[in-house]
Amino acid sequence: MRIALSSALVLALLTPAVPARAAQPIGYPTFTGGSIPAAPAALSTGSTMQAIYDAEAGGTDFWMDRLLSRSGNDPAGTWLMSRGRALFMKTHTPGTLGFGGQVAYWESINDQPAFTVTASPGTFTEQVAQRWQAPSHWRSVHTSGNIRINQTKFITQQNVAVANLAITNSGSAAATLTLRATSPYATSGSGNELTGQTSVKNNLTTLYPRLSGDGFTATGGGLNRSLTVAAGATVTTKIVLGFVANEIPESLTEYNAYRGYAADTAFATHVRAYNRWWAQNIPYLDVPEPAIKKTIYYRWWLMRFNHLDADIPGQDFQFPVSVEGALGYNNAIVLTQPMHIDDLKYLRDPVYSYGPWVSVGQVSKGGRFVDNPGDPENWSNSYTQYISEAAWRAYQIHGGQPAIAAQLARYAEGDVKGQLSFYDHDNNGLIEYDWGALTGNDADAVSFHWRSGQLDRAESAYVYSNALAAAQAYTVAGNTAKAAEMQAIADRVRNAIVTVLWNPKTQLIEHRHVATNAHVPWKEINNYYPFSVGAMPNTDTYKQALRLYADPAEYPIFPFFTANQRDKAAAAAAGQPGSNNFSTINSTVQFRLYSSVLRNYPNQWMNAEDYKKLLYWNAWAQYIGGNTAWPDANEFWADWNAATKTIDYRSWIHHNILGSSNWTVIEDVMGLRPRNDAQIELSPIGIGWSHFAANNLRYRNADLSIVWDDPADGVTRYPGFPQGYSVYLNGTRAFTVDRLTPVVYNPATGAVTLPSGGAVTYSAAVPGVQAPAQVTQSSARIVDVFAKSGTNLSAANVFKGATTSASYTASGTGGAAAVDGYPINEPVWGTYGSPNAADWLEVNLGAARPVSEVRAYFRNDRAANRYRPPSSYTVQYWNGSAWVSVATQAAPRSNYNTVRFTAVTAQRFRIQVTHASGFKTGITELQAYTP
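These numbers were taken from a predicted model, which means no experiment stands behind them.

**Regarding the overall build of the protein**
In step 1: When helices and strands are tallied, the protein shows 19 helices and 45 strands.
In step 2: In terms of overall size, the protein behaves like a compact globule, its C-alpha atoms giving a radius of gyration of 29 Å where 931 residues would be expected to give roughly 30 Å.
In step 3: Once the C-alpha set of the protein is aligned to its principal axes, its extents read approximately 85 × 85 × 65 Å.
In step 4: Among the 931 residues that make up the protein, the fraction classed as buried is 61%.
In step 5: Of the contacts formed within the protein by residues at least 6 apart in sequence, a portion of 68% connects residues at least 24 apart.
In step 6: Of the roughly 30800 Å² that the protein leaves accessible, carbon and sulfur atoms contribute 50%.
In step 7: Across the protein, the centroid of the 69 positively charged side chains sits 3 Å from that of the 68 negatively charged ones.

Written out as structure tokens, the structure is:
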């Protein structure tokens, strides 16, 4: 093996640089599948998505449903697209009336259906050819003799499963049918309702399911109804199952509402609410290639389908998160969180992009980022990731109080220092791995097969970019000392990348084999991460490394493999073939590389035509066989058949959100570049498109639209909009320039700067656009998310930094940890080992202060199994002679608890806890606020 490797290295050293060329030789893919539905409203200066919704709001047939609908026998499988904020079908059995398969509440509860319905007499068979589903609902037809049952079913936002059954008798005589609905989760009761109680996976929370049906009676553990259908008539009924959770009071409210609706009203209410969400939350994007436009909206749907908002008390899934593969691993895996955030930040509500980074920061205990512990069976590891970098870009888009930036900075600092502490074994500023899974590419990462042992890795580039994000966030938060510290760490990592991983002999970035101090000749796309984050010097010497992207035998545009293909062949010849898969995670890496290189490292080997091909092939891969009727984002693909141009293997996880792509259309093709100030910057990568538009992007406190209509082709693509490259703010035109070119615009003055040339044909001041830190985030959900993570966006915590004392303090814990302002999982004040049935933690403010609210954050450590929320607790103050309980108390929950009361003025406060049976109490944070 060593002889073969040495020969390969000699060959690499002697091979001359690949000459410049026009673009990689692969052409463009062919899409099939027929026409794609057109929107019912044209681009407008207001909200185009709202106009599209309004055009059809009086009915139940909506453009997004038609655009993404699937009919007949779906080659991707029988998955149900409709889901709630926590409830969905992990598997789905269409031939069974009701919700057959395996129902999940964040994850499969116990591999049983939600509820099923039987009809007798007769044997009912689903007519698969008549199956049709849209994102909002499913329709199927089931027949037995002269009886046809048309089923329409859906899951509402607040976790209510509804099945409407329209029973038609096509015979010449009346027919009597008995319907029976049963659920393994609701088996007790009388009248027309059954109830139950069940724990979800890993006992994260308890559900109280409730099953009811129109005209049904509860008998024998199920709901039963006998109905007679006259000849030629149709009778409609409805069955409703609510998965009620105490932490989501809306779940009971919505169940009761749908239980009371007529079937048609239930359907119309849901379908309108579901489609209204698109109008409220996503921007309208228009591009000239219909297949790419559909993948954009499919991606918006993937973000919604793979989103979990269970609000389960504790540090697992209390925060809204993006899960990697609801139909697969179904966990907030840190490797892919930044990729998700890059797309999610263009949803108009910042909760979708802020929730994931808040969640991962909370569960990582102030150290390196790790997977969500709610599902420890899946991965539970620390990976190469750029969460802080992506979160900072989300902050640049949405903005918010400096307290938000401070929270991000603290998480980012902990991650950067934690990664280096855990992985930088030789303290040279680079993280070291000896296992391909830690790159996220597993057996595709060829470099680990060269020699066993630790490798200094190019993925250290993400430690650099995350440190930069921490420095920028600390700057916004006003902590200049911490900003300088994190900048120094970034500089150290960058210097290590350039000095340790740069091989001057090959003029390439190569991983370093630590034990032998040898550069690893086998490479991946990961070797180019330093270019993606701007860590490499912009000189001709270092840009030589980009030459390999001119050769499809090294790095083809498609398939976008992990491994350098020449190195993969060398590894296979040496008996280490590994795997050679490709997926959207790989195309995301390549998009990031091209996005950076084409702007910051111009060279003779990579160009916009290559980027365009990547864009088209990435879209093509999302469709089964390139057929636009069947989008299916799998976890990965394999067995590319170059002769037939087909993907011969698509992996088992379907409709997966792995990777990202919408951001690159907005930021690269359309050109929007997030900034730290109040100016607007466009820097488009020109790919020859005659037109495009992004409408109603939420940019801090403004609605921003970008419109391009090429003046050179003589065709007006968007009536009412000028030719050229324009930006609109809150519906008002800000500027137009005559070509697709970089632009910097100052909304306060109307000044337009064109660093690469061009002419301004119109400009005007549009005041009011704010820098990120000037924005106030005040929506109830954002305020709630940050409160649960320990940040009050509108008031200062008077307990922070105060003196503490306690009745008992466990070794390794301390009262100061509970008043440091950050309720991440650790450090804590703990009572493990206490002999007492009750304990207390006191806070001494040093002087009397008025207090009207106390927030207590209770530890729930399911893994160590020592701490649970107390059975009860009391907030008290010292009145000068005795401890007095405040008037209002509350039942304890994991993590966030709030007690509000008539203000009292005191110097000393304490919380007294009565421990839960078999456990002790830990407090991650105790906060107080003045009236």
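**So, the packing of aromatic side chains**
In step 1: Inspection of every chain in the model, using the stated rule, returns 56 aromatic pairs.
In step 2: Ring geometry for W357 against Y411: centres 6.1 Å apart, planes inclined by 70°, an arrangement best described as edge-to-face. Of this pair, W357 sits in helix α8 (residues 351–363) while Y411 sits in helix α10 (residues 402–423), placing them 54 residues apart in sequence.
In step 3: Residue W357 is classed as buried on the basis of its relative accessible area, which comes to 2%.
In step 4: Owing to a relative accessible area of 5%, Y411 belongs among the buried residues under this scheme.
In step 5: Ring geometry for F558 and F560: centres 5.1 Å apart, planes at 80°, overall edge-to-face. Comparing F558 with F560 shows no difference in burial state: the two are buried.
In step 6: Here a set of aromatic residues connected by ring pairs shows up, and it is made of F558, F560, F561, F582, W617, W620, W637 and W640.
In step 7: The ring of Y832 is capped by R866, whose NZ or CZ atom sits 5.2 Å from the centre of that ring.

**A closer look at the pattern of salt bridges**
In step 1: Inspection of the entire model under this criterion finds 50 salt bridges.
In step 2: For K482, the salt bridge goes to E485, with nearest N and O atoms at 3.2 Å. Here K482 pairs with E485, and both are found in helix α12 (residues 480–501), just three residues apart, close to one helical turn.
In step 3: Look at K482 and you get partly exposed, because its relative accessible area is 23%.
In step 4: For R675, the salt bridge identified is with D677, shortest N-O distance 2.8 Å.
In step 5: Residue classification places R675 among the buried residues on the basis of a relative accessible area of 18%.
In step 6: By relative accessible area, D677 is classed as partly exposed at 25%.
In step 7: Within this structure, R85, D309, D311, R781, D784 and K788 form a network of salt bridges that share partners.

**Considering the pairing of strand β4 (residues 101–105)**
In step 1: Most of β4 is tucked away, with four of its five residues classed as buried.
In step 2: Here strand β2 (residues 87–92) runs beside β4; their pairing, made up of five bridges, is antiparallel. Across the sheet, residue L87 finds its bridge partner in β4, namely Y105.
In step 3: Sheet topology note: the β4/strand β5 (residues 107–108) ladder contains two bridges and is antiparallel. Looking at the pairing, Y105 lines up with E107 of β5.

**Here we look at the sheet that holds strand β32 (residues 691–699)**
In step 1: Pairing is antiparallel across the open sheet formed by six strands, whose spatial order is β19-β32-β33-β34-β35-β38. Sheet topology places β19 (284–286) and β38 (760–763) at the edges, where each strand pairs with a single neighbour. On average, each strand axis in the sheet is tilted by 15° relative to the strand beside it, whichever way the strands run.
In step 2: As judged from the five bridges shared by strand β34 (residues 724–729) and strand β35 (residues 732–737), these two strands associate in the antiparallel manner. In the strand pairing of β35, Y728 is matched with R733.

**Section: the packing of helix α16 (residues 584–600) against helix α17 (residues 608–622)**
In step 1: Here α16 crosses α17 at 160°, and the two axes come no closer than 10 Å. Considered as vectors, α16 and α17 are oriented roughly antiparallel to each other. Crossing angle aside, the handedness with which α16 passes α17 is left-handed. Contact residues: α16 offers T584, S587, Q590, F591, Y594 and L598, while α17 offers A608, D610, Y611, L614, L615, N618 and Q622.
In step 2: Partitioning the contact of α16 with α17 into residue classes produces seven nonpolar, five polar and one charged.

**Topic: the side chain of N564**
In step 1: Here N564 lies in the loop between α14 (540–543) and α15 (565–573).
In step 2: Overall, N564 belongs to the buried group, its relative accessible area being 0%.
In step 3: Polar contacts involving the side chain of N564 include one to the side chain of E554, which spans 2.6 Å.
In step 4: In this structure, N564 is in contact with K523, E524, L548, E554 and Y555, ignoring residues within four places of it in sequence.

**Some thoughts on the layout of surface pockets**
Any empty space left between atoms is shown by rolling a water-sized probe over those atoms.
In step 1: In this structure, the largest pocket spans a volume of roughly 1000 Å³.
In step 2: If you go around the largest pocket, you meet 46 residues; those closest to its centre are D316, N860, D861, R862 and S894.
In step 3: Across the lining of the largest pocket, the residue classes break down as 17 nonpolar, 17 polar and 12 charged.

**Digging into the packing of α8 against helix α19 (residues 780–788)**
In step 1: Contact geometry for α8 and α19: axes closest at 10 Å, N-to-C directions at 5°. With respect to α19, the element α8 is oriented roughly parallel. Residues V351, Y354, W357, V358 and Q362 of α8 touch α19, and the partners they reach there are R781, I782, V785, F786 and K788.
In step 2: A breakdown of the residues in the contact of α8 with α19 according to their chemical character gives seven nonpolar, one polar and two charged.

**Overview of empty space enclosed by the protein**
In step 1: Tallied over the entire structure, the rule returns seven cavities of 30 Å³ or more.
In step 2: By volume, the largest cavity is sized at about 140 Å³.
In step 3: Lining the largest cavity are 15 residues, with T295, N618, Q622, S661 and N662 positioned closest to its centre.
In step 4: When contributions to the lining of the largest cavity are tallied by element, the ones reaching two or more residues are α6 (290–305), α16, α17 and α18 (662–669).
In step 5: Here the lining of the largest cavity gets six residues from one element, more than from any other, and that element is α6.
In step 6: For the lining of the largest cavity, the per-class residue count stands at eight nonpolar, six polar and one charged.

**Structural notes on the environment of T143**
In step 1: Along the chain, the position of T143 falls in strand β9 (residues 138–144).
In step 2: When neighbours within four sequence positions are excluded, T143 is seen to be in contact with T123, F124, T125, Q127 and R148.

What counts and how
- Residues numbered from 1 in each chain as written.
- Predicted model: local features only at pLDDT ≥ 70, side-chain atom pairs only at ≥ 80, totals over all residues.
- Heavy atoms only, no water.
- Helix = DSSP H or I, 4+ residues; strand = E, 2+ residues; numbered from the N terminus.
- Rg over C-alpha atoms; globule rule 2.2 N^0.38 Å.
- Buried < 20%, exposed > 50% of the residue type's maximum accessible area, 1.4 Å probe, protein only.
- Contact = heavy atoms within 4.5 Å.
- Areas by Shrake-Rupley, 256 points an atom, 1.4 Å probe, with all protein chains shown as cover.
- Lys, Arg positive; Asp, Glu negative; His and termini not counted.
- Charge placed at Lys NZ, Arg CZ, Asp CG, Glu CD.
- Phe/Tyr/Trp six-rings, centres within 6.5 Å; stacked < 30°, edge-to-face > 60°.
- Lys NZ or Arg CZ within 6 Å of the ring centre and 35° of its normal.
- Salt bridge = Lys/Arg side-chain N within 4 Å of Asp/Glu carboxyl O.
- Pairing = 2+ DSSP bridges.
- Axes fitted to C-alpha atoms, helices over the stretch in contact; angles between N-to-C directions.
- Parallel < 35°, antiparallel > 145°, perpendicular 65-115°, else oblique.
- Left-handed = near helix turned anticlockwise from the far one by under 90°.
- Nonpolar A, V, L, I, M, F, W, Y, C, P; charged D, E, K, R; others polar.
- Polar contact = N/O pair within 3.5 Å; in protein donor to acceptor, adjacent residues only side chain to side chain.
- 1 Å grid on protein atoms, 1.4 Å probe; cavity = no way out; pocket = protein on both sides within 12 Å on 5 of 7 lines; lining within 4 Å.
- Points joined across faces, edges and corners; volume = space filled by probe spheres on them.

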